[in-house]
Amino acid sequence: QSENVLGYFVNVERIPNSCSHPPNHISLKDRKILVNLSMAYYRINISAYNEAGESPRAIYIVPEFSVTDLPGQIHVKSQGTKAVVTWTPEYNPKCFVVDWGTGKGDMHMKIITTAIGNFTLDNLQPYKLYKIVVHASDVCHCESFIRHEKTFGVTHFYSVEGVPRTGPTNVTILNITKHSALVKWTEIAAEDRLGFLQGYRISYTDSSRKKSPAVTLNSSITTYHLTGLKEKTTYRVQISGFTNAGEGPLTLSQPFSTPKYGTVELLCTCI
């Protein structure tokens, strides 16, 4: 019923928002609006109105921005359940706005007015990935942050790292020949890593239980080509992930067998 609409109300709400002020309320006639936002989380509420009143609100959560080249570096020194966050700004704004937490539903906000950034976080939980976003603002009134804050830097950290609670999933063996095979897997889910994933280790043994040297791979790799295998032999493959805290559990043993002959070999009995 757009022909009956007189205009739209748009509320841009910062997440989190420790200010007592309501979110920015914008009235407009068009069905589009350009807003310049920092890299904080935002919730946008949109409703239509006419002479009879206001419609229910449509709610849109602004997707998380990918980290681009930001002017500042944030350093985190973990101390168990606490962490000291420091940064050196390229200029001295009137204040910094610091967001930290484990995600959209668990973010906290604090306003800091010191020239050199220094901030202590406490009551941190081990094995959880925290995100810290620091914004600079030359206007230090709560209602002005959305319009004036600019993101200075973003970083992630664990207060305490653990080993992965699981190995990778969907381990499959493909393209098996008599001397090689391709191992493929799905990366360990972020919530199961419990630390910064450094890489994977592949272990494999043959039917005589002879164990080959483990292969260590970068965390970005999810396939590996096994070579130097023996023909007509059964192998079992297991994969684990590791962080700075150590190695996680191995996956279930994945068996495969190499053939006796290659795909282009022919067995000929001559008479």
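Residues numbered from 1 in each chain as written. Predicted model: local features only at pLDDT ≥ 70, side-chain atom pairs only at ≥ 80, totals over all residues. Heavy atoms only, no water.

For the protein, an unreviewed UniProt entry supplies the name SDK2 protein and the organism Sitta europaea.

Turning next to the overall build of the protein. Counting its secondary structure elements, the protein contains two helices and 20 strands. For the protein, buried positions account for 38% of its 271 residues. Sequence separation of at least 24 residues holds for 63% of the intrachain contacts in the protein that already meet a minimum separation of 6. With an accessible surface of roughly 16100 Å², the protein has 51% of that area assigned to carbon and sulfur atoms. (Helix = DSSP H or I, 4+ residues; strand = E, 2+ residues; numbered from the N terminus. Buried < 20%, exposed > 50% of the residue type's maximum accessible area, 1.4 Å probe, protein only. Contact = heavy atoms within 4.5 Å. Areas by Shrake-Rupley, 256 points an atom, 1.4 Å probe, with all protein chains shown as cover.)

A full pass over the atoms with the stated rule returns eight salt bridges. Between E149 and R14 there is a salt bridge, and its shortest N-O distance comes to 3.1 Å. Of this pair, E149 sits in the loop between helix 1 (145-148) and strand 12 (150-158) while R14 sits in strand 1 (residues 7-15); the two residues are 135 residues apart in sequence, bridging distant segments of the chain. The pair formed by E149 and R14 is uniform in burial state, with each residue classed as buried. (Salt bridge = Lys/Arg side-chain N within 4 Å of Asp/Glu carboxyl O.)

Taken in spatial order, the four strands make up an open sheet running 9-8-11-12, and their pairing is antiparallel. The two strands at the open ends of the sheet, each matched to only one other strand, are strand 9 (106-112) and strand 12. When strand polarity is set aside, the average angle formed by the axes of neighbouring strands in this sheet is 15°. Two elements, strand 8 (residues 95-103) and strand 11 (residues 129-137), share seven bridges in a ladder whose sense is antiparallel. By the bridge assignment for strand 11, C95 is matched with S137. (Pairing = 2+ DSSP bridges. Axes fitted to C-alpha atoms, helices over the stretch in contact; angles between N-to-C directions.)

If you trace the three strands from one edge of the open sheet to the other, you get 13-14-17, paired in antiparallel fashion. This sheet does not close on itself; its edge strands, each paired only once, are strand 13 (169-174) and strand 17 (223-227). Here the strands of the sheet are splayed against their neighbours by 20° on average, with no regard to which way each runs. Judged from the five bridges that link them, strand 14 (residues 180-186) and strand 17 form a sheet pairing that is antiparallel. Residue pairing in the sheet places S180 in a bridge with T227 of strand 17.

Under the criterion given, the structure shown has nine aromatic pairs. Geometrically, the ring pair formed by F9 and Y49 is stacked, given 4.5 Å between the ring centres and 20° between the ring planes. Of this pair, F9 sits in strand 1 while Y49 sits in strand 3 (residues 41-50), and the two are 40 residues apart along the sequence. Y49 gets classed as buried once you look at its relative accessible area, which sits at 16%. When the centroid spacing of 5.3 Å and the interplanar angle of 75° are considered together, the rings of W87 and F96 count as edge-to-face. The pair W87 / F96 is uniform in exposure class, with both members buried. Following the ring pairs from residue to residue traces out a cluster consisting of W87, F96 and F152. A cation over a ring is seen here: R201 above F242, with NZ or CZ 4.1 Å from the ring centre. (Phe/Tyr/Trp six-rings, centres within 6.5 Å; stacked < 30°, edge-to-face > 60°. Lys NZ or Arg CZ within 6 Å of the ring centre and 35° of its normal.)

With that settled, consider the side chain of S38. Following the sequence through the fold, S38 ends up in the loop between strand 2 (24-28) and strand 3. S38 sits in the buried class, given a relative accessible area of 3%. Here A40 takes part through its backbone nitrogen, which lies 3.3 Å from a polar atom of the side chain of S38. Polar side-chain contacts of S38 include one of 2.9 Å to the side chain of Y42. Dropping the residues within four chain positions of it, S38 is found in contact with F65, H135, E149 and T151. (Polar contact = N/O pair within 3.5 Å; in protein donor to acceptor, adjacent residues only side chain to side chain.)

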